[in-house]
Amino acid sequence: FGSRPTASAARCNSVMATVEDVAAVLQQLPLRAAENAIPDLPGVDFAGLWMQAAADPECMTPVLEQLLGHIEALINAATAPDGAVPGSFVVYEQCFQAVSLIAQVLTTAGASRELIKCLSSVAEAYDSLLKVVDTCEYEEPGCSGLLRMYMLQILSSLFGGTRITGRHVMELTNNDTSVAVSLMAWVLRCAAADFSIQEMAGRALAQLSTADSVFLPVAAAREAGATNDQQLAELTTTLNQHVDGLIQSVIQYEVVDAFGRCICQHQQSHVRTDVLIKNFFATVHNCLLYCANSQKHLRTHLALHSSIVKDIMFPYVDNILPALYDMPIVTMDTIEFSNLKSAVQTFVVVTFSVDVFRRDFLNDDIIFRMLEVPQCMNYVGFLEVVIRLCINVSFDQSQFFPLVQNKLQEGYNALPPDMQARLQLRLTRPDFSRALPTAQPSASLAAAFAFVLGSERVQPARSAEPQRAPAQCFGMQPSAGGDWDLEKGGPASDDDMPGLAPVAAPTLMHSGPQTGRVCELSGVLLTDPVTTPDGRVFERATLEAWLNFSPMHPLTGVPLTMAECTSADAVRQENMAYQVGVLSAAVLAAEEKPAEPAPVQQMTGPSLLGDLPTIQNDPGVAAAEKEKKKKSKIRITSRKLIDAPEEMRCSIDGKICTNPLRSIYGHVFEKKTLEKWFQSCGSVCPVTQKPLKMEECQPDSALKKQIIKWLKETGQA
């Protein structure tokens, strides 16, 4: 991360620790070790050494080195050769809490070097703990306490929380997507964590939903003689696994609920909720755009959390609209307007994918109130996404539609002719790689928007143009950084919406999707395709929305029900390969871009690329490394969500069960998920649609034991 930030930037807690706080924690270390029968405990006075180091700056460094050496020995002694013992988490927690507090109190360069040396010495235990803690928490909830928070606070204090990205989190967790998502979701839920840590977690989750967070050492592959095609194939495979693991992890670790709890915790601060909401929008928005095997489970999961629209999204927009109304001038750079655009873009995606969200917009005047924002009608991109939102929710059925229609027509008529033509082009012939998914408008809605749609059919996509494959395309949102022009591929102009930075991609990815990869009703790239009895392929959400209004085949007019349609797995797999191929090619091209010469500077801090780092250009650290005793490997189990057997998963959303229930029909469900299903859909079986009540589903203790055993045995690290 480069040099150490200033003391004020590095401090992660709003209330800074004191010398006495550190001493109090250190006094408990020998007691906790004795309680847990930790062997080889040095007979030292931890608190006494600390008070000596804190009181005398001249001897601070050698004394601190001695103190941290004892803490290091205690951490390594607490780790058995065959893995971590859940009871020893108390010692781990106490040790890392002490190091975290020391990092807050001592902010000098010398103290930083000693702290980083300590982290380097326990790097193996640090990495292993991040992997094993989830499995132990599954078996014994709460056994790890606040250990994970203290581990991340140390990094935030030393390197600055704003410098830690999703890619760093992936490298910190050995490129294990499920561990990374689990860790970040836990931080969002942790009420004891400072906001700077929670902001880092939310930002990292949003970044994990982009292709940039997939770790692949392209340079190393190039040095090994790998060709461009070999690198592309390797990155495509890695990204494919990352996407599938990401979506399953978002479901498994209740990321939506985690964001909701964190937003509620900080609801008194508009600055904080702005940051959290934007990352929440980007995470949900991007996950819904992937052609992944778990898309159906993700939509079901979101539908069961449908209150997020009323409880989070609507109130947030309601809060920022008054601020926008009071601004004399609203520009693209206004943070409130930027977040409003992100919200509307996410609304477009979730209303296309999840039918249950649509009714919330029909009964609310929120779309009209958004159009009341000063100067918003001057931006083509904003008008485009509002029209797409109206189409996705069939807004012509709302009592507020006449107001919205008149407002949009006034805004369109006020645009210069070239801007009117540009808006029409975006709605009728948008770029496939950037457009948001949009349903086909009904006849009445098409007539109402004839002033902008004309006689053209609204399409969400066309083939990507040569030399335009973006690093983050398919309409995905960035988690941070500047806005980009969707049309020109550069910095955003004043009349545009934020897109993502494009780069030149290999020639093999220039062609757009084949006809069979897009929905025959809406033209959107198929993410959850279904096949009708006559062989037609549609996006499931689009066909469900169509059949809600007309029980007829959209192309042939014959009677049709969803029960007659089957999942088109082969098409989905083909589309997923196409999508990750485009993303992989773009990421690879970005890696190959010549780097600008950087100014030569001495490294005074570490980088988190790889294991916990050592200080560069410091001969003292090099000598310490030579003298360091070789430690035995720590064998701790980890898990991969994508490898979990189907019989361990909830039949509703695919989540690995923590409290499995088995119905009278033999299906397995997660208890909380089934409860939400009954609340939303009534007393019917989610699989068979036959009558089913909660009391007819019994706990499956044998399956729970089987799951715990699998979690412990799978994937030794």
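Use the structure listed above.
Below is a summary of the structure that appears in this document.

1. As for helix 5 (residues 89-105)
Given 3.6 residues per turn, any residue in an α-helix points the same way as the ones three and four places further on.
Argument step 1. Here helix 5 is 17 residues long and its end C-alpha atoms lie 24 Å apart, about the 24 Å a rise of 1.5 Å per residue gives.
Argument step 2. Summarising burial for helix 5: 15 of the 17 residues are buried, a large majority.

2. Some thoughts on the packing of aromatic side chains
Argument step 1. Applying the stated criterion to the full structure yields 15 aromatic pairs.
Argument step 2. Both rings, one in phenylalanine 314 and one in phenylalanine 361, keep their centres 5.0 Å apart while their planes meet at 80 degrees; by these two values the pair is edge-to-face. Of the two residues, phenylalanine 314 sits in helix 17 (residues 307-325) while phenylalanine 361 sits in helix 19 (residues 358-362), which places them 47 residues apart along the sequence.
Argument step 3. Seen in terms of ring centroids, phenylalanine 395 and phenylalanine 401 are 6.2 Å apart; in terms of plane orientation they differ by 70 degrees. Their pairing is edge-to-face.
Argument step 4. Accessibility expressed as a relative area gives 8% for phenylalanine 401, which makes it buried.
Argument step 5. Chaining the aromatic ring pairs together yields one cluster made of Phe259, Phe280, Phe281, Phe314, Tyr316, Phe347 and Phe361.

3. Let's talk about helix 10 (residues 177-189)
Argument step 1. Taking 1.5 Å per residue, 13 residues should reach 18 Å; helix 10 reaches 18 Å between its end C-alpha atoms and fits that length.
Argument step 2. Within helix 10, burial applies to Thr177, Ser178, Val179, Ala180, Val181, Ser182, Leu183, Met184, Ala185, Trp186, Val187 and Leu188.

4. Overview of the sheet that holds strand 5 (residues 668-670)
Backbone-to-backbone hydrogen bonds join strands into a sheet, with any given pair of strands oriented parallel or antiparallel.
Argument step 1. Pairing in this open sheet of three strands is antiparallel, and the strands run 5-4-6 from one edge to the other. At either end of the open sheet lies a strand with only one pairing partner, and these are strand 5 and strand 6 (698-699).
Argument step 2. Here helix 29 (residues 671-681) sits on the sheet in contact with strand 4 (660-662) and strand 5, set at roughly 90 degrees to strand 5.

5. With respect to the side chain of histidine 553
Argument step 1. Considering the arrangement of structural elements, one finds histidine 553 in the loop between helix 26 (540-549) and strand 3 (566-567).
Argument step 2. When its relative accessible area of 3% is taken as the criterion, histidine 553 is described as buried.
Argument step 3. Polar side-chain contacts of histidine 553 include one of 3.0 Å to the backbone nitrogen of leucine 555.
Argument step 4. Look past the residues within four positions of histidine 553 in its chain and what remains in contact with it is Thr532, Asp534, Arg536, Phe538, Trp546, Val558 and Leu560.

6. What to know about the packing of helix 14 (residues 255-265) against helix 15 (residues 270-287)
Axis angle and axis distance: for two packed helices, these are the angle between their axes and the distance between the axes, and together they describe the pair.
Argument step 1. Where helix 14 meets helix 15, the closest approach of the two axes is 10 Å, and the angle between their N-to-C directions is 170 degrees. It follows that helix 14 is roughly antiparallel to helix 15 by the angle criterion. Two secondary-structure elements touch here, helix 14 through Val256, Phe259, Cys262 and Ile263 and helix 15 through Thr273, Leu276, Ile277, Asn279, Phe280, Thr283 and Val284.
Argument step 2. Residues of the contact of helix 14 with helix 15, tallied by class, amount to eight nonpolar, three polar and no charged.

7. Regarding the sheet that holds strand 3
Argument step 1. On the basis of which strands lie adjacent, the open sheet formed by three strands has the order 2-1-3 and antiparallel pairing. If you trace the sheet from one side to the other, it starts and ends with strand 2 (537-539) and strand 3, each paired once.
Argument step 2. Of the strand pairs in this sheet, strand 1 (residues 529-531) and strand 2 are connected by three bridges, and their pairing is antiparallel. Bridge assignment links threonine 531 to a residue of strand 2, and that residue is valine 537.

What counts as what
- Along every chain, residues carry numbers that run from 1 in the direction the sequence is written.
- Totals for whole chains, interfaces and linings use every residue, but because this is a predicted model, local features are given only for residues with pLDDT of at least 70 and side-chain atom pairs only at 80 or more, for both listing and counting.
- As a convention, hydrogens and water are excluded, and side-chain values are obtained from all of the structure's heavy atoms.
- Think of it this way: any DSSP run of H or I at least four residues long counts as a helix, any run of E at least two long counts as a strand, and we number them from the N terminus.
- Helix span, as expected, comes to 1.5 Å for every residue beyond the first.
- Residue burial is assigned from relative accessible area. The probe radius is 1.4 Å, only protein chains are included, and a residue is buried under 20% of its type maximum, exposed over 50%, and partly exposed in between.
- Pairing of aromatic side chains requires ring centres within 6.5 Å, counting the rings of Phe and Tyr and the six-membered ring of Trp. Pairs whose planes differ by under 30 degrees are stacked, by over 60 edge-to-face, and all others tilted.
- For two strands to be treated as a pair, DSSP must find at least two bridges joining them.
- Residue contacts follow a heavy-atom distance rule, with two residues in contact if any of their heavy atoms lie within 4.5 Å.
- Angles shown run from 0 to 180 degrees and are taken between the N-to-C directions of axes, each axis being a line fitted to C-alpha atoms and, for helices, limited to the stretch in contact.
- In the analysis that follows, any N or O atom pair within 3.5 Å is treated as a polar contact, provided that within protein one partner can donate a hydrogen and the other can accept it, and provided that, for residues neighboring in sequence, both atoms belong to side chains.
- Roughly parallel here means an angle under 35 degrees, roughly antiparallel means over 145, roughly perpendicular means 65 to 115, and every remaining angle is called oblique.
- Gly is placed with the polar residues, together with every amino acid not listed as nonpolar (Ala, Val, Leu, Ile, Met, Phe, Trp, Tyr, Cys and Pro) or charged (Asp, Glu, Lys and Arg).

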